[in-house]
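# Coordinate inspection notes
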Amino acid sequence: MASIPTIPLNSGAHIPQVGLGVWQAPSGAVTRNAVLAALRWGYRHIDTARIYGNEQDVGEAVRSSGIPRDEIFVTTKLWNEDQGYDSALRAFDDSLERLGLEYIDLYLLHWPVPGKRLDSWRALERLFDEKRARSIGVSNFLVPHLTELLGRAKHVPAANQIELTPFLQRRETRALCKQQGIVVEAYSPLVRGQRFSHPVVREVARGVGRSPAQVLLRWGIQHGVVVLPKSTHPERIEENGDLFDFALDDAAMQKLDALEEGLTTGWDPARER
Ligand SMILES: NC(=O)c1ccc[n+]([C@@H]2O[C@H](COP(=O)([O-])OP(=O)(O)OC[C@H]3O[C@@H](n4cnc5c(N)ncnc54)[C@H](OP(=O)(O)O)[C@@H]3O)[C@@H](O)[C@H]2O)c1
């Protein structure tokens, strides 16, 4: 079975460097089968969220996999309308119940909601102190959001999950995270399929004899981030995890590093004050 390396978090936990994303994986058998296919192949990290509507299926697959709970890393996220101190605590309980788990490995603030994110963070700190969330972190936090949080926080976030690809590199955010010991997680690392035919990506893929998807993911791995590719197809799930028996040389990395174009495929948190 394949083995995926882990990265240490400031909580003392270790996060597998590839996680299966399940955003837009339909609830029911499709999500359950994708999670089971991933776990069978060797993934040990699943990234869900309350707003994805499939926490229950993720939990069922994790529990029925036969793999010990402490070998699987499960992330879920606090959705925007649940932000605030008391409502965040309630939302966490609801997520835990849907997942059918005793604890969450990583609980994230999904979005830097203005006026609420600091209260929400205090709730996550409490969940961490109570060991119900083994690590806590944020998502879509850029430098201004992180700076504000770091000025108030008791606990530094363990991770920051942001959109990150060669076409959107968030260099300042990554530099601040590195300085603070915050692990960066790359979401939409396949650019949601929008750049597989980019000539540079194709050229690099030809050079290493791998697929464009593997090149995009390997770029993130070599930058030391966690990558969260989503697929519901077993053969793609396998392809997306199979990143550790090849490397991109300096010239290939430089070509990919030169592709920055500020491309956001979803929402841009830069607009959030
Ligand atoms: N924190 C946040 O705000 C946030 C926002 C967005 C995403 N995320 C997380 O990041 C995960 C990944 O991001 P994403 O779902 O936006 O997009 P993504 O992983 O960049 O791309 C997913 C798309 O690529 C296709 N695909 C997957 N592997 C492929 C392969 N090897 N070859 C060709 N096509 C392939 C998938 O189709 P099939 O499924 O049909 O294979 C799907 O259409 C999400 O699932 C979620 O967990 C977090």
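One can find the structure itself at the top, above this paragraph.
My aim in this report is to walk through the structure given alongside it, one point at a time.

As a further point, take the sheet that holds strand β5 (residues 73–78). Strand order in this open sheet of eight strands is β3-β4-β5-β6-β7-β8-β9-β10, and the pairing throughout is parallel. Each end of this open sheet is capped by a strand with a single partner; those strands are β3 (20–21) and β10 (226–227). Examined bridge by bridge, strand β7 (residues 133–139) and strand β8 (residues 159–163) share two bridges and lie parallel to one another. Bridged to Ser-139 within β8 is Gln-161.

Take the site of the ligand next. Close to the ligand lie 27 residues, the nearest being Asp-47, Ser-188, Lys-230, Ser-231 and Arg-236. One of the backbone nitrogen or oxygen atoms of Pro-189 is found 3.4 Å away from an oxygen atom of the ligand. In isolation the ligand offers 910 Å² of accessible surface; the protein chains occlude 88% of this area. When each cavity is represented as a set of grid points, the ligand is found to reside in the largest pocket. The element that contributes the greatest number of residues to the shell around the ligand is helix α9 (residues 234–241), accounting for three residues. Per-class residue counts for the shell around the ligand are 11 nonpolar, 10 polar and six charged.

Right, let's talk about empty space enclosed by the protein for a bit. One pass over the full model with this rule turns up one cavity of 30 Å³ or more. Empty space within the largest cavity amounts to approximately 40 Å³. Lining the largest cavity are Asn-140, Ile-162, Glu-163, Leu-168, Arg-170, Tyr-187, Thr-264, Trp-267 and Pro-269. When the residues that make up the lining of the largest cavity are grouped by side-chain class, the tally is five nonpolar, two polar and two charged.

Note on strand geometry: in a regular strand, side chains alternate between the two faces of the sheet. In terms of burial, β8 is largely enclosed, as five of its five residues are buried. Every second residue of β8 is oriented toward a common face, with Ala-159, Gln-161 and Glu-163 on one face and Asn-160 and Ile-162 on the other, all of them buried. Taken together, β7, helix α5 (residues 143–152) and β8 constitute a β-α-β crossover, and its handedness is right-handed. For the crossover from β8 across helix α6 (residues 171–180) to strand β9 (residues 183–187), the handedness is right-handed.

With 74 residues, the main nonpolar core has Leu-20, Tyr-107 and Leu-256 as its most contacted residues. Per-element accounting of this core gives the leading share, seven residues, to helix α1 (residues 29–41). With 11 residues, the next largest nonpolar core counts Phe-73, Ala-158, Ala-159 and Leu-228 among its residues.

This model, assessed by the stated rule, comprises four aromatic pairs. Consider the rings of Trp-23 and Tyr-52, whose centres lie 6.5 Å apart with planes at 35°: the pair is tilted. Of this pair, Trp-23 sits in the loop between β3 and α1 while Tyr-52 is found in the loop between β4 (45–47) and α2 (55–64), placing the two residues 29 residues apart along the sequence. Measuring from ring centre to ring centre gives 4.8 Å for Phe-92 and Tyr-107, while their planes differ by 75°; the resulting arrangement is edge-to-face. Placement of the pair is Phe-92 in helix α3 (residues 85–99) and Tyr-107 in strand β6 (residues 104–109), with a sequence separation of 15 residues. What makes Phe-92 buried here is its relative accessible area of 0%. Grouping aromatic residues by their ring pairs yields a cluster made of Trp-23, Tyr-52 and Trp-267. Its guanidinium or amino end placed over the ring of Phe-167, Arg-195 lies 5.4 Å from that ring's centre, counting from NZ or CZ. Taking NZ or CZ as reference, Arg-218 lies 5.8 Å from the ring centre of Phe-246, over its face.

Structurally, the position occupied by Glu-185 is in strand β9. On a C-alpha basis, the gap between Glu-185 and Ile-162 in space is 6.2 Å, while along the polypeptide they are 23 residues apart. Within the structure, Glu-185 has its side chain in polar contact with the side chain of Gln-161 (distance 3.5 Å).

Calculation rules
Residues numbered from 1 in each chain as written. Predicted model: local features only at pLDDT ≥ 70, side-chain atom pairs only at ≥ 80, totals over all residues. Heavy atoms only, no water. Pairing = 2+ DSSP bridges. Helix = DSSP H or I, 4+ residues; strand = E, 2+ residues; numbered from the N terminus. Near = heavy atom within 4 Å. Polar contact = N/O pair within 3.5 Å; in protein donor to acceptor, adjacent residues only side chain to side chain. Areas by Shrake-Rupley, 256 points an atom, 1.4 Å probe, with all protein chains shown as cover. 1 Å grid on protein atoms, 1.4 Å probe; cavity = no way out; pocket = protein on both sides within 12 Å on 5 of 7 lines; lining within 4 Å. Sits in = over half its atoms within 2 Å of the grid points. Nonpolar A, V, L, I, M, F, W, Y, C, P; charged D, E, K, R; others polar. Points joined across faces, edges and corners; volume = space filled by probe spheres on them. Buried < 20%, exposed > 50% of the residue type's maximum accessible area, 1.4 Å probe, protein only. Right-handed = clockwise from strand over helix to strand, strands pointing away. Core = buried A, V, L, I, M, F, W, Y, C linked by side-chain atoms within 4.5 Å. Phe/Tyr/Trp six-rings, centres within 6.5 Å; stacked < 30°, edge-to-face > 60°. Lys NZ or Arg CZ within 6 Å of the ring centre and 35° of its normal.

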